[in-house]
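Topology and contacts: notes
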Amino acid sequence: MGRHHVRLLAFLPMARLVGVYDRRPEAARAVAGEHRAAVYDDLDALAGEVEAMVVAVPTVEHAAVGCRLLERGLHVLVEKPIASSLAEADALLEAAARAGRVLAVGHVEFHNPAVQALLGVETPPRFVEVQRLAAFTPRSLDVDVVLDLMIHDLQILHALDPSPVAEVRATGIAVLSPRIDIANARVELASGCAANLTASRVSAERVRKLRVFLPSRYYSLDYQAQEIKGFRLDEAEGRRAILPDDLPVERAEPLRRELEAFLAACRGDEGGGAVVSGAQGRQALATALAVVQAIG
C-alpha cells in the first residue's frame, strides 16, 4: 500500500511529496526513484520536514509509529486496521487528541464512489449481505482475513447504520496460512439490522459485492465495477410494481479520494470529503475482534 500512496501523493496538487522512509533502504529507493522523491534513512529526520505522514507498516507497529508522529505534531493517516488491539487504538486516539492533529484510518473501500452513493440514500438498511473473496497472496499475513478483508465491510456497515453491535456469531478456518483465511459472520445491530458477511483470501475468483435491503428498496453494489443496481416498490395509483432504481455513480480511484479527504482534513477544509476517523477505525476494529473471538 505504501507504494500506491507514494504514486498518488507525487502528483496530487494539494500536497508536496517530501520523501519516503522504509527501514529497508532498498524498498525506499525503489518506490522513491519512480516518483523523484527523496529517501530518508531516519524516520524522525523525515518527520521533521513534513506536516503530515502516511503510515503503511505492519499492523503490529501502527500504534508505536503513529503515536510517535502524532506526538511530534504531525497529522497521520494510518493504514487499516487502525491497530492490532483496542488498547493500541486507544493510545492513537489519545495521542491525536493531545496533539490536536488529524488521525485518519485507511479504510479505502469507504471512499469507493459506489459506497458514497449508497450512503447518500440516508436510510438505514434492514439486512446487509457481503461477499469479499480473493485469491491467496502472501500479502498481509500478519493479520487474519477478518482484520485484512472483512474489516472493510464492517466499517461500511457501521457507516450505513451507526447503532451499537448487539450480537456476533461467526465461523472460520485457516487454510493456507496459520491464521483464519475464510470466515463468515452474522452481526446484529441494536437497531434490528442484521448483516451476513463472508470474507475469503483463498478463493478461486475475486468477488467484491454488497447487497442491502431497505424498506421497499433493494440495492446491489459491485465494488470493482463501481456500480449500484437497484429496485424499488412503487404503489402509485393503487397498483404495486417493482421498478428499476439504479443509483448513479461517478467512478474514481478510491485511494485518491481517501488521500484527498485526508489532505482536506489536515487543512481544516470541511468540504473536502469525509475521512474515516480514528474513532470510526476503532469501532470497526472492535467489531472485527468480536468476530475473531466468536470464531474462537
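The following paragraphs examine the structure supplied in this document. Given the structure is predicted, the values throughout are model-derived calculations rather than measurements.

Our next topic: the overall build of the protein. Counting its regular elements, the protein contains nine helices and 13 strands. Relative to its length of 296 residues, the protein is compact, with a C-alpha radius of gyration of 20 Å against a globular reference of 19 Å. Across its three principal directions, the C-alpha atoms of the protein cover 70 × 40 × 40 Å. Counting across all 296 residues of the protein, residues that qualify as buried make up 44%. In the protein, the share of contacts with a sequence separation of at least 24, taken over all contacts with a separation of at least 6, comes to 65%. As displayed, the protein offers around 14100 Å² of accessible surface, 50% of which is attributable to carbon and sulfur atoms.

The way to describe two aromatic rings as a pair is by their centre distance and the angle between their planes. The tally for this structure, following the rule as stated, stands at two aromatic pairs. For the ring pair phenylalanine 127 and phenylalanine 213, a centre distance of 5.8 Å and an interplane angle of 45° mean the geometry is tilted. Taken together, the positions of phenylalanine 127 in strand β6 (residues 127-133) and phenylalanine 213 in strand β10 (residues 207-214) put the pair 86 residues apart, joining distant regions of the chain. Of the residues examined, phenylalanine 127 reaches a relative accessible area of 28% and is grouped as partly exposed. Taking the centre distance of 4.8 Å and the plane angle of 40° together, the rings of phenylalanine 213 and tyrosine 218 count as tilted. Note on phenylalanine 213: relative accessible area 32%, which makes it partly exposed. Ring pairs connect the aromatic residues Phe127, Phe213 and Tyr218, which therefore count as one cluster. In this structure, arginine 132 packs its charged tip against the face of tyrosine 223, placed 4.6 Å from the ring centre.

So, about the pairing of strand β13 (residues 241-244). One ladder, built from four bridges, connects strand β12 (residues 227-234) with β13; its direction is antiparallel. Bridging across to β13, leucine 233 finds its partner in isoleucine 242. Hairpin geometry of β12 and β13 is characterised by an intervening segment of six residues between the two adjacent antiparallel strands and by a positive phi of about 55° at glutamate 237.

It is worth spelling out the side chain of aspartate 222 at this point. Structurally, the position occupied by aspartate 222 is in strand β11 (residues 217-222). Lysine 209 provides the closest opposite charge to the buried, unpaired aspartate 222, separated from it by 4.4 Å. At a separation of 2.9 Å, a polar atom in the side chain of aspartate 222 contacts the main-chain amide nitrogen of alanine 225. Beyond its immediate stretch of four places on either side in the chain, aspartate 222 contacts Arg208, Lys209 and Glu227.

In this section: a nonpolar patch on the surface. On the surface, Phe136, Ile173, Val175, Leu176 and Ile182 cluster together into a nonpolar patch covering about 420 Å² of accessible area. Here isoleucine 173 shows up in strand β7 (residues 165-173).

Before going further, it helps to spend a moment on the pattern of salt bridges. Counted by the stated rule, this structure contains 22 salt bridges. In this structure, arginine 132 engages aspartate 153 in a salt bridge whose closest nitrogen and oxygen atoms are separated by 2.7 Å. Of this pair, arginine 132 sits in strand β6 while aspartate 153 sits in helix α7 (residues 145-160), placing them 21 residues apart in sequence. Here arginine 132 matches aspartate 153 in class, with each residue buried. The shortest N-O distance in the salt bridge between aspartate 181 and arginine 201 comes to 2.8 Å. On the criterion of sequence distance, the pair formed by aspartate 181 in the loop between β7 and β8 (182-189) and arginine 201 in the loop between β9 (194-200) and β10 is long-range, its members being 20 residues apart. Connected through shared salt-bridge partners, Lys80, Asp148, Asp181 and Arg201 make up one network.

Here is what the cut-offs are and how they apply
Residues numbered from 1 in each chain as written. Predicted model: local features only at pLDDT ≥ 70, side-chain atom pairs only at ≥ 80, totals over all residues. Heavy atoms only, no water. Helix = DSSP H or I, 4+ residues; strand = E, 2+ residues; numbered from the N terminus. Rg over C-alpha atoms; globule rule 2.2 N^0.38 Å. Buried < 20%, exposed > 50% of the residue type's maximum accessible area, 1.4 Å probe, protein only. Contact = heavy atoms within 4.5 Å. Areas by Shrake-Rupley, 256 points an atom, 1.4 Å probe, with all protein chains shown as cover. Phe/Tyr/Trp six-rings, centres within 6.5 Å; stacked < 30°, edge-to-face > 60°. Lys NZ or Arg CZ within 6 Å of the ring centre and 35° of its normal. Pairing = 2+ DSSP bridges. Lys, Arg positive; Asp, Glu negative; His and termini not counted. Salt bridge = Lys/Arg side-chain N within 4 Å of Asp/Glu carboxyl O. Polar contact = N/O pair within 3.5 Å; in protein donor to acceptor, adjacent residues only side chain to side chain. Patch = residues over 30% accessible without salt bridge, like charges linked within 9 Å, V, L, I, M, F, W, Y side chains within 5 Å.

Note that all results are geometric; they support no functional claim without further evidence.
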